[in-house]
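The primary structure of each chain is shown beneath.
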Amino acid sequence: DSADPAPAALDVLVSRARKLVDDPQAIRVEEGRIGFDPSRVWLDVWAFDRDVEALQTALRAPPGGADVDALAQRLIARYRGPFLGNAEPSRWSLPARDRWQNRLRRSLADAGRHFADRGDPARAAALYERVLEEDSLAEELYRRLMRAYLAMDEPAEAARVYRRCRDMLSVQLGIPPSAETESVFRSIYAR
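What comes next concerns the included structure. No experiment lies behind these values; they were computed from the predicted model shown. Numbering of residues begins from 1 in every chain and follows the order in which that chain's sequence is written. Given that the model is predicted, a residue must reach a pLDDT of at least 70 before its local features are reported, and side-chain atom pairs must reach 80 or more before they are shown or counted; all residues, however, enter totals for whole chains, interfaces and linings. Each side-chain value is worked out from all heavy atoms of the structure, with water and hydrogens disregarded.

1. What about the pattern of salt bridges?
Here's step 1: We define a salt bridge as a side-chain nitrogen of Lys or Arg found within 4 Å of a carboxyl oxygen belonging to Asp or Glu. If you walk through the whole model with that rule in mind, you get 21 salt bridges.
Here's step 2: Between D49 and R103 there is a salt bridge whose closest N-O contact spans 2.8 Å. Of this pair, D49 sits in helix α2 (residues 44-60) while R103 is found in helix α4 (residues 94-117), placing the two residues 54 residues apart along the sequence.
Here's step 3: The exposure class assigned to D49 is buried, which follows from its relative accessible area of 15%. For helices the rule is a DSSP run of H or I covering at least 4 residues; for strands it is a run of E covering at least 2, with both sets numbered from the N terminus onward. Note on classification: 1.4 Å probe, protein chains only; a residue is buried when its accessible area is under 20% of the maximum for its type, exposed when over 50%, partly exposed between these limits.

2. Quick word on the packing of helix α3 (residues 68-78) against α4
The angle between the axes and the distance between the axes are what describe a pair of packed helices.
Here's step 1: Only the stretch in contact is used when fitting a helix axis, every axis being a line fitted to C-alpha atoms; angles between N-to-C directions are given from 0 to 180 degrees. At a closest axis distance of 11 Å, the pairing of α3 and α4 adopts a crossing angle of 155°. When the interaxial angle is binned, α3 and α4 end up roughly antiparallel. In the packing of α3 onto α4, the handedness of the crossing is left-handed. Facing α3, whose interface residues are V68, D69, A72, L75 and I76, α4 presents L104, S107, L108, A111, H114 and F115.
Here's step 2: Amino acids outside the nonpolar list (Ala, Val, Leu, Ile, Met, Phe, Trp, Tyr, Cys, Pro) and the charged list (Asp, Glu, Lys, Arg) are all regarded as polar, and Gly is one of them. A per-class count over the contact of α3 with α4 returns eight nonpolar, two polar and one charged. Convention used here: angles under 35 degrees read as roughly parallel, angles over 145 as roughly antiparallel, angles from 65 to 115 as roughly perpendicular, and any remaining angle as oblique. Crossing handedness: left-handed means the near helix sits turned counterclockwise from the far one by under a right angle, and right-handed means the same turn made clockwise. By definition in these notes, contact holds between two residues if any of their heavy atoms fall within 4.5 Å.

3. Description of the environment of R113
Here's step 1: Take R113: it is sitting in helix α4.
Here's step 2: Taking C-alpha positions, R113 is 26 Å from P95, a pair spaced 18 residues apart along the chain.
Here's step 3: Contact partners of R113, with chain neighbours within four places excluded, come to Y128, E140 and R144.

Written out as C-alpha cells, the structure reads:
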C-alpha cells in the first residue's frame, strides 16, 4: 500500500493528546500542525514572552511610565530555568531553550543598563548578577557589574567580580579577560 501514513499518525497523536487534557478543544490542528488554543490554555512560555514584551516596551517608553523594576522582577519570577528543566535536551528543544534563555538575559541586561543610566547602580548590579547566573561567560556584563559596584563606591566588590570573570573565562574557555575588562579592573586602583 503506497498511502501516506502521516495523516493517520497525526490523527492518532491528536486523539492521544486530547485525552491528556481536560478540555479536548484546547488542542487544535491547523494546516497539519498541532497546537494549543490560546483562548483555552495558559502556558508559562506564552506568559514569559508577554512579560519580555512588556519589559521591552517599558524600557522604550519615556521615564515615569511603567515600573521597570516590577516588570523585571516579574520576568525573573516567571522564568523557572531552562526549557524542559533538567531533561536531556534534544535537537528540537535546543532552539527553544536558547531562545528563552537569550530573551531573559537580553531583557535583564537592558533593564540593568536602564538603571545604570539613571543613576541606580544597586538595581543595575542586582540585575547583572541575575543575568550572570544564566550566562557565566558574559564578559560585557562582568564589566557592567564592576562599573556598578564602582559607582556604589564598592571597589572590593568590583575586584571580586573581576576575579570571578577571569576565573570563569580561564576555566571554561582557556582565555584571559579582554583588554576592555582589564581596563575596568585597573580603574579600580586608579581611584
